[in-house]
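# Coordinate inspection notes
In case you want the letters, here they are:
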Amino acid sequence: MDKILVHSTRRVFEARFQIAAASGYIFSGLLGFFASLWLNQIYRFGDQVPYTNFYNAIAELSLLDSYRAQYFHLTSNEPAFTLVMWIGANIGVSKIIWVSFFNTILIVLILKILKKYHANIFVIILLFTNFYFLVALTGAERLKFAYILMIAAALSKTYWRWIFAFLAPAFHAQSLIYFCSYLLSRTFERTPYFSFNNRFDVKIAVYALAFSVFSFILISFLFYTYVETILYKINYYFENNVFRPFSILNFFLLFLLGILISRRKMRLIGFFVPVAIVMAIVGPDRVNMIAYTVFFYALLTDNRINHPLALLPMIYLSFKSIGFINNVITYGEGFPII
């Protein structure tokens, strides 16, 4: 009788906990939706100009013509992004409402993954006031959808995680860098066991092969996209023999903090190697957000994100978001050229 009572009590408690959690997600989602509406209403210039023009243009186009319009307005070719925006435009939903709907999904998924890895309240507050998070809600529209799918893949325990993962580059090709980082981190983490046991590890071979394939695709894409920039940089470095340490300071500070904090150091190194390679090709300014994303994810999944040192870059990025919000309110965009 006592066991039945205890079991019933536990089930009631779990049910109440699940209801409370669902209520928290709903409240956070609604709050995020209205915050996104406000933010995207005042963010009218800069990055939003071509995205808004694109959204308005495809409302009167077929899906095939919309793909052509994407390159004309955004100089990008990611097909899934065009499809999602074309659906919203053709059912007559305002762009701000349509984007805010997906911002809400992003917010809820972030909360779920933070809860899964037991992030404390300080991490939650700092992340939702993070400069890069605000950029994802506003100017980085294609990247936002890629983040949604990558987080969904990280949360999924079924074959759907692979579907989510492989769909992410169809929204933003930058996702390939994250895949390379993830695959190399798994390879680095398992490699010591391979050498000590002196046996063939199928999982290492699979991760290494997948890393090689994604790396080839990524390098091909970067070279195709930035061939002029790459050739210019190579020529510039050889002619001037210059090295600017301050331009890559943020990357190395994140890397050193990660090494200090992480318990799985080979895994963390694997996360950062592809980012360092991309940084050498296209420059540090384009990879700061990528570097911080892999830093945060590596520590979060290592259950080390609550470490005081991990909060330092988060505090800096939350402070940086003050200037971003001020620019949006004052100039109607986050990165005004004054």
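Everything numeric here is computed off the predicted structure, so don't read it as measured data. (Residues numbered from 1 in each chain as written. Predicted model: local features only at pLDDT ≥ 70, side-chain atom pairs only at ≥ 80, totals over all residues. Heavy atoms only, no water.)

Glancing now at the overall build of the protein chain. When helices and strands are tallied, the protein chain shows 15 helices and zero strands. By the burial criterion, 45% of the 338 residues in the protein chain qualify as buried. Sequence separation of at least 24 residues holds for 71% of the intrachain contacts in the protein chain that already meet a minimum separation of 6. Total accessible area computed for the protein chain in this model is approximately 19,000 Å², and 69% of it derives from carbon and sulfur atoms. (Helix = DSSP H or I, 4+ residues; strand = E, 2+ residues; numbered from the N terminus. Buried < 20%, exposed > 50% of the residue type's maximum accessible area, 1.4 Å probe, protein only. Contact = heavy atoms within 4.5 Å. Areas by Shrake-Rupley, 256 points an atom, 1.4 Å probe, with all protein chains shown as cover.)

What follows covers the side chain of Thr104. Positionally, Thr104 belongs in helix α5 (residues 95-116). There is a polar contact of 2.9 Å between the side chain of Thr104 and the backbone oxygen of Ser100. With residues up to four places along the chain from it excluded, the contact list for Thr104 reads Gly29, Gly32 and Phe33. (Polar contact = N/O pair within 3.5 Å; in protein donor to acceptor, adjacent residues only side chain to side chain.)

Once that is clear, we can look at the pattern of salt bridges. For the structure on display, the rule yields five salt bridges. A salt bridge links Arg68 to Asp65, with the shortest nitrogen-to-oxygen separation between them at 2.5 Å. Here Arg68 pairs with Asp65, and both are found in helix α3 (residues 63-74), just three residues apart, close to one helical turn. The class for Asp65 is partly exposed, based on a relative accessible area of 32%. Residues Arg142 and Glu78 are paired through a salt bridge, measuring 3.1 Å at the closest nitrogen-oxygen approach. Linking Arg142 in helix α8 (residues 141-155) with Glu78 in the loop between α3 and α4 (79-90), this pair joins segments that are 64 residues apart in sequence. (Salt bridge = Lys/Arg side-chain N within 4 Å of Asp/Glu carboxyl O.)

Turning our attention to helix α15 (residues 308-331). Given a rise of 1.5 Å per residue, 24 residues ought to cover 34 Å, and the 35 Å separating the end C-alpha atoms of α15 matches this to within 8%. Three or more residues of α15 are buried, namely Ala310, Leu311, Pro313, Met314, Leu317, Ser318, Ser321, Phe324, Asn327 and Val328. At the C-terminal side of α15, Gly332 shows a positive phi close to 80°. (Expected span 1.5 Å × (residues − 1).)

Let us look at the packing of aromatic side chains. Overall, the coordinates contain 25 aromatic pairs when judged by the stated rule. Relative to Phe81, the ring of Phe54 has its centre 6.1 Å away and its plane inclined at 20°; by these criteria the two rings are stacked. Note that Phe54 is positioned in helix α2 (residues 48-58) and Phe81 in helix α4, a separation of 27 residues in sequence. Per residue, the accessibility class of Phe54 equals that of Phe81, and both read buried. (Phe/Tyr/Trp six-rings, centres within 6.5 Å; stacked < 30°, edge-to-face > 60°.)

Below, the discussion takes up a nonpolar patch on the surface. Together, Tyr159, Trp160, Trp162, Ile163, Phe166 and Leu167 make up a nonpolar patch on the protein surface, roughly 660 Å² of accessible area in all. As for its placement among the helices and strands, Phe166 is situated in helix α9 (residues 160-167). (Patch = residues over 30% accessible without salt bridge, like charges linked within 9 Å, V, L, I, M, F, W, Y side chains within 5 Å.)

Right, let's get into unusual backbone geometry. Its identity as a non-glycine residue notwithstanding, Thr75 has a phi of 50°, on the positive side. Inspection of the secondary structure puts Thr75 in the loop between α3 and α4. Of note in the backbone geometry, His118 takes a positive phi value of approximately 60° without being a glycine. In this fold, His118 is placed in the loop between α5 and α6 (121-128).

Residue classification places Glu78 among the buried residues on the basis of a relative accessible area of 8%. Within the structure, the side chain of Glu78 is placed 3.1 Å from the side chain of Arg142, a separation counted as a polar contact. When neighbours within four sequence positions are excluded, Glu78 is seen to be in contact with Gln70, Arg142, Pro169, Ala170, Phe171, His172 and Ala173.

For helix α13 (residues 265-282), built from 18 residues, the straight-helix expectation of 26 Å at 1.5 Å per residue is met to within 8% by its first-to-last C-alpha distance of 26 Å. The sharpest bend along α13 comes to roughly 25°, located at Phe272, with the proline Pro274 sitting one to four residues further on. All of the buried residues along α13 are Arg267, Leu268, Gly270, Phe271, Phe272, Pro274, Val275, Val278, Met279 and Val282. (Bend = angle between axes of the 7 residues up to and from the residue.)

Glancing now at the nonpolar core. One finds Met85 and Phe296 to be the most contacted residues of the largest nonpolar core, which totals 86 residues. The element that contributes the greatest number of residues to this core is α8, accounting for 12 residues. If we ignore the near neighbours within four places in the chain, the residues touching Met85 are Phe54, Tyr55, Ile58, Trp98, Val99, Glu141 and Phe145. (Core = buried A, V, L, I, M, F, W, Y, C linked by side-chain atoms within 4.5 Å.)

Helix packing geometry: the angle between the two helix axes and the distance between the axes. Orientation of helix α12 (residues 249-261) relative to α13, taken along the N-to-C sense of each, is 170°, at an axis distance of 10 Å. Our classification of the angle between α12 and α13 gives roughly antiparallel. The segment α12 lies against α13, with Phe251, Leu254, Phe255, Gly258, Ile259 and Leu260 engaging Lys265, Leu268, Ile269, Phe272, Val275, Ala276 and Met279. Broken down by class, the residue content of the contact of α12 with α13 amounts to 11 nonpolar, one polar and one charged. (Axes fitted to C-alpha atoms, helices over the stretch in contact; angles between N-to-C directions. Parallel < 35°, antiparallel > 145°, perpendicular 65-115°, else oblique. Nonpolar A, V, L, I, M, F, W, Y, C, P; charged D, E, K, R; others polar.)

Moving on: the environment of Ala146. Mapping Ala146 onto the fold places it in helix α8. The spatial distance from the C-alpha of Ala146 to the C-alpha of Phe164 is 9.1 Å, given a sequence separation of 18 residues. Sequence-distant contacts of Ala146, that is, excluding residues within four places in its chain, are made with Ala168, Phe171, His172 and Ser175.

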